[in-house]
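Now for the letters of each chain:
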Amino acid sequence: TRFDFAAGITGVVGPNGSGKSNVVDALKWILGDQSAKSLRGKEMTDVIFNGSASRPALSFAEATIVLDNSPGTLEGRGAEVAITRRVDRGGER
């Protein structure tokens, strides 16, 4: 899923169950949150989809955030900076 946040956005809104807290959890995780508890789990592998009646379980979870660095705030980086975090069922990151 791709979210394009236009300049000036201040919040994500939607009805209960639409995934707002999942977006927040993904951003926290990408930016380095090490606490599974703060991500509503017991261990980091809890962020991996466990499957459902109609879809199989996955072997890893991955999320990426792409930041606009066109002002050059992060010296020595490109116009965009991508941060990715990945964990697999073996706990590898």
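Residues numbered from 1 in each chain as written. Predicted model: local features only at pLDDT ≥ 70, side-chain atom pairs only at ≥ 80, totals over all residues. Heavy atoms only, no water.

Draft legend 1. Molecular detail of a nonpolar patch on the surface. Judged by side-chain polarity, Phe 3, Phe 5, Ile 9 and Val 12 come together as a nonpolar surface patch covering roughly 380 Å² of accessible area. Relative to the helices and strands, Phe 5 resides in the segment before α1 (20-30). (Patch = residues over 30% accessible without salt bridge, like charges linked within 9 Å, V, L, I, M, F, W, Y side chains within 5 Å. Areas by Shrake-Rupley, 256 points an atom, 1.4 Å probe, with all protein chains shown as cover. Salt bridge = Lys/Arg side-chain N within 4 Å of Asp/Glu carboxyl O. Helix = DSSP H or I, 4+ residues; strand = E, 2+ residues; numbered from the N terminus.)

Draft legend 2. α1, seen in detail. Taken residue by residue, α1 has Val 23, Asp 25, Trp 29 and Ile 30 as its buried positions. Axial view of α1: buried residues confined to an arc of 165 degrees, hence all on one face. Check the buried side of α1 and you find it contacts β1 (60-68) and β2 (80-88). Two residues or fewer past α1, Gly 32 is found with a positive phi of approximately 110 degrees. (Buried < 20%, exposed > 50% of the residue type's maximum accessible area, 1.4 Å probe, protein only. Arc of directions from axis to C-beta. Contact = heavy atoms within 4.5 Å.)

Draft legend 3. Layout of the layout of surface pockets. If you add up the space inside the largest pocket, you get close to 1300 Å³. Lining the largest pocket are 34 residues, with Phe 3, Ala 26, Ile 30, Ala 63 and Thr 64 sitting closest to its centre. If you list the elements that add at least two residues to the lining of the largest pocket, you get α1 and β1. Looking at which element gives the most residues to the lining of the largest pocket, the answer is β1, with nine residues. When grouped by side-chain class, the residues that make up the lining of the largest pocket number 20 nonpolar, five polar and nine charged. (1 Å grid on protein atoms, 1.4 Å probe; cavity = no way out; pocket = protein on both sides within 12 Å on 5 of 7 lines; lining within 4 Å. Points joined across faces, edges and corners; volume = space filled by probe spheres on them. Nonpolar A, V, L, I, M, F, W, Y, C, P; charged D, E, K, R; others polar.)

Draft legend 4. Up close: the packing of aromatic side chains. On inspection of all chains with the given rule, the structure shows zero aromatic pairs. For the cation-ring pair, Arg 86 lies above Phe 60, with the distance from its terminal atom to the ring centre recorded as 3.7 Å. (Phe/Tyr/Trp six-rings, centres within 6.5 Å; stacked < 30°, edge-to-face > 60°. Lys NZ or Arg CZ within 6 Å of the ring centre and 35° of its normal.)

Draft legend 5. Main features of the environment of Ser 70. Turning to its location among the elements, Ser 70 is positioned in the loop between β1 and β2. Sequence-wise, Ser 70 and Glu 80 are ten residues apart; in three dimensions their C-alpha atoms are separated by 6.8 Å. At 2.7 Å, the side chain of Ser 70 forms a polar contact with the side chain of Asp 68. (Polar contact = N/O pair within 3.5 Å; in protein donor to acceptor, adjacent residues only side chain to side chain.)

Draft legend 6. Molecular detail of the side chain of Asp 25. Following the sequence through the fold, Asp 25 ends up in helix α1. If we skip the residues at most four places from it in the chain, Asp 25 touches Ser 38, Leu 39 and Arg 40.

Draft legend 7. Representation of the pattern of salt bridges in the model. Applying the stated criterion to the full structure yields one salt bridge. Close ionic contact of Arg 86 with Glu 62 constitutes a salt bridge, the shortest N to O distance being 3.5 Å. Residue Arg 86 is found in strand β2, and its partner Glu 62 is found in strand β1; the two are separated by 24 residues along the sequence. Given a relative accessible area of 39%, Arg 86 falls into the partly exposed group.

That's the geometry; what it means functionally is another story.
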